[in-house]
Amino acid sequence: MRKLAGWNTHLEEVLEVVNGRIALVTGAYKGIGYEIARQLAAKRLHVFVGARKVTEGKQAAESIAAGGRSAEFIEIDVTNPESIQAAARAVASRVDHLDVLVNNAGILDDTKGIDELDDDTFLQTLATNTLGPIRVTQAFLPLLKRGSGASIINVSSGMGQLSEMGETYPAYSISKTALNAVTRQFAAVLRDQGITVNSVCPGWVKTDMGGPEAPRTVEEGAETVTWLATEGPRELTGQFLRDRQTIPW
Ligand code: NAP
């Protein structure tokens with residue numbers, strides 16, 4: 001088992017039953033993020049359950065940890081640089097490396113077409129879905145560099161595919177196209193350091209964002225992220241995937 005800084009005896013015992021690999025998932029108290037965190041914990045990773053809502057985040061971590069899994073809450077608002085830095089410091093005080101970062105937190109606030117799109121909606125969407133993952137990745141890079149072949153996974157969307165781009169949800173779609181570019185940039189920078197960076201589209205999933213008509217379950221939506229984080233091919237980097245297959249940008 002890899003060395004973990006500052007763990008008490010109980011947590012060291014818990015980590016005896018996990019495989020020493022450690023993950024952070026943002027926006028993880030509900031929806032696809034919660035399910036990714038749950039699946040990673042079930043695969044015996046220790047999971048930091050990231051959320052900006054403290055009560056909900058703690059409840060989610062407790063629920064994932066029930067039954068002998070290893071999970072703990074970490075407060076993180078991906079639009080707030082101070083919150084991100086505080087989260088990075090808190091995680092660094094608990095563990096000495098990170099193997100998986102899932103940038104999952106996201107918003108879809110569009111109510112108008114691009115011809116009427118207002119600045120606030122556009123900027124807030126970019127701040128959450130695009131700049132958030134850049135800042136979070138930067139803040140956790142020192143820990144990721146100490147991981148064993150770390151994986152960064154950006155939860156993107158088919159709505160960001162330029163090849164399929166239409167007129168719906170302009171701020172959201174553009175933010176995910178830009179997130180895919182963020183994936184390419186980090187993948188290029190980190191390729192020689194053994195850190196993979198990919199975008200994953202979960203499909204249309206039944207969540208608060210996806211709505212009740214969505215055909216996919218959260219289990220199905222989370223599956224490719226979990227696969228990539230735990231058993232996906234190490235040479236796979238700088239790609240956009242859905243259902244374990246690469247898809248066009
Ligand atoms: P969801 O149920 O609405 O969950 C979104 C999560 O992100 C919530 O936990 C939310 O917490 C969190 N979040 C939003 N802004 C945040 C911030 N500034 N800091 C921290 N957390 C924040 O949506 P979902 O369907 O599970 O979506 C998860 C990811 O999948 C998103 O990136 C989304 O774009 C992507 N996706 C979803 C679908 C779909 O069909 N559902 C399809 C393609 C891609 P709060 O309650 O605090 O806002």
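The following refers to the structure shown. (Residues numbered from 1 in each chain as written. Predicted model: local features only at pLDDT ≥ 70, side-chain atom pairs only at ≥ 80, totals over all residues. Heavy atoms only, no water.)

## Brief notes about the overall build of the protein
When helices and strands are counted, the protein shows 7 helices and 8 strands. Its C-alpha atoms give the protein a radius of gyration of 17 Å, near enough to 18 Å, the size a compact globule of 249 residues would have. Across its three principal directions, the C-alpha atoms of the protein cover 60 × 40 × 35 Å. Residues classed as buried in the protein amount to 52% of the 249 residues present. (Helix = DSSP H or I, 4+ residues; strand = E, 2+ residues; numbered from the N terminus. Rg over C-alpha atoms; globule rule 2.2 N^0.38 Å. Buried < 20%, exposed > 50% of the residue type's maximum accessible area, 1.4 Å probe, protein only.)

## Some points on the packing of helix H2 (residues 31-42) against helix H7 (residues 218-230)
As a packed pair, H2 and H7 sit with axes 8 Å apart at the nearest point and diverge in direction by 50°. Judged on the interaxial angle alone, H7 and H2 are oblique. When you trace H2 past H7, the crossing you get is right-handed. Residue-level contacts link Gly31, Ile32, Glu35, Ile36, Gln39 and Leu40 of H2 to Val218, Glu219, Gly221, Ala222, Glu223, Val225, Thr226, Ala229 and Thr230 of H7. For the contact of H2 with H7, a count of residues per class yields 7 nonpolar, 5 polar and 3 charged. (Axes fitted to C-alpha atoms, helices over the stretch in contact; angles between N-to-C directions. Parallel < 35°, antiparallel > 145°, perpendicular 65-115°, else oblique. Left-handed = near helix turned anticlockwise from the far one by under 90°. Contact = heavy atoms within 4.5 Å. Nonpolar A, V, L, I, M, F, W, Y, C, P; charged D, E, K, R; others polar.)

## Things to note about the environment of Asn154
Turning to its location among the elements, Asn154 is positioned in strand E5 (residues 151-155). In this structure, the C-alpha to C-alpha distance between Asn154 and Thr183, residues 29 residues apart in sequence, is 7.0 Å. When neighbours within four sequence positions are excluded, Asn154 is seen to be in contact with Asn103, Pro133, Leu179, Thr183, Val197, Asn198, Ser199 and Val200.

## Describing the site of the ligand
In the vicinity of the ligand, 29 residues are found, and the nearest of them are Tyr29, Arg52, Asn104, Tyr172 and Thr207. At a separation of 2.9 Å, a nitrogen atom of the ligand approaches a polar side-chain atom of Asp77. Alone, the ligand offers 880 Å² of accessible surface; in the complex the protein occludes 94% of this. For the shell around the ligand, the secondary-structure elements that each account for two or more residues are H2 and helix H6 (170-190). Its residues assigned to classes, the shell around the ligand comprises 12 nonpolar, 11 polar and 6 charged. (Near = heavy atom within 4 Å. Polar contact = N/O pair within 3.5 Å; in protein donor to acceptor, adjacent residues only side chain to side chain. Areas by Shrake-Rupley, 256 points an atom, 1.4 Å probe, with all protein chains shown as cover.)

## Notes on the pairing of strand E4 (residues 100-103)
Residues in a regular strand project their side chains so that they alternate between the two faces of the sheet. The side-chain alternation of E4 yields two buried faces, one formed by Val100 and Val102 and the other by Leu101 and Asn103. In the sheet, strand E1 (residues 22-25) pairs with E4 via 3 bridges, with the strands oriented parallel. The residue of E4 that forms the bridge with Leu24 is Leu101. Where E4 meets E5, 4 bridges bridge the pair, whose relative direction is parallel. Considered in E5, the bridge of Val100 is made with Ser151. In this fold, the crossover linking E4 to E5 by way of helix H5 (residues 119-145) has right-handed handedness. (Pairing = 2+ DSSP bridges. Right-handed = clockwise from strand over helix to strand, strands pointing away.)

## Section: the nonpolar core
Val25, Ile36, Leu40, Val47, Val49 and Val102 are the most contacted members of the largest nonpolar core, which totals 32 residues. Within the residue set of this core, elements represented by two or more residues are E1, H2, strand E2 (46-51), helix H3 (54-65), strand E3 (70-75), E4, E5 and H7. Apart from residues lying up to four places away in sequence, Val49 is in contact with Val25, Ala28, Ala37, Gly57, Ala60, Ala61, Ile64, Ala71, Glu72, Phe73 and Ile74. (Core = buried A, V, L, I, M, F, W, Y, C linked by side-chain atoms within 4.5 Å.)

## Topic: the packing of aromatic side chains
Centre-to-centre distance and the angle between the planes together describe a pair of aromatic rings. Tallied over the full model, the rule gives 1 aromatic pair. Arranged with centres 5.5 Å apart and planes meeting at 20°, the rings of Phe240 and Trp249 form a pair that is stacked. For Trp249, a relative accessible area of 32% gives the class partly exposed. (Phe/Tyr/Trp six-rings, centres within 6.5 Å; stacked < 30°, edge-to-face > 60°.)

## Side note on the environment of Gln161
Relative to the elements of secondary structure, Gln161 occurs in the loop between E5 and H6. In this structure the C-alpha to C-alpha distance between Gln161 and Arg244, which are 83 residues apart in sequence, comes to 17 Å. Here Pro248 takes part through its backbone oxygen, which lies 2.7 Å from a polar atom of the side chain of Gln161.

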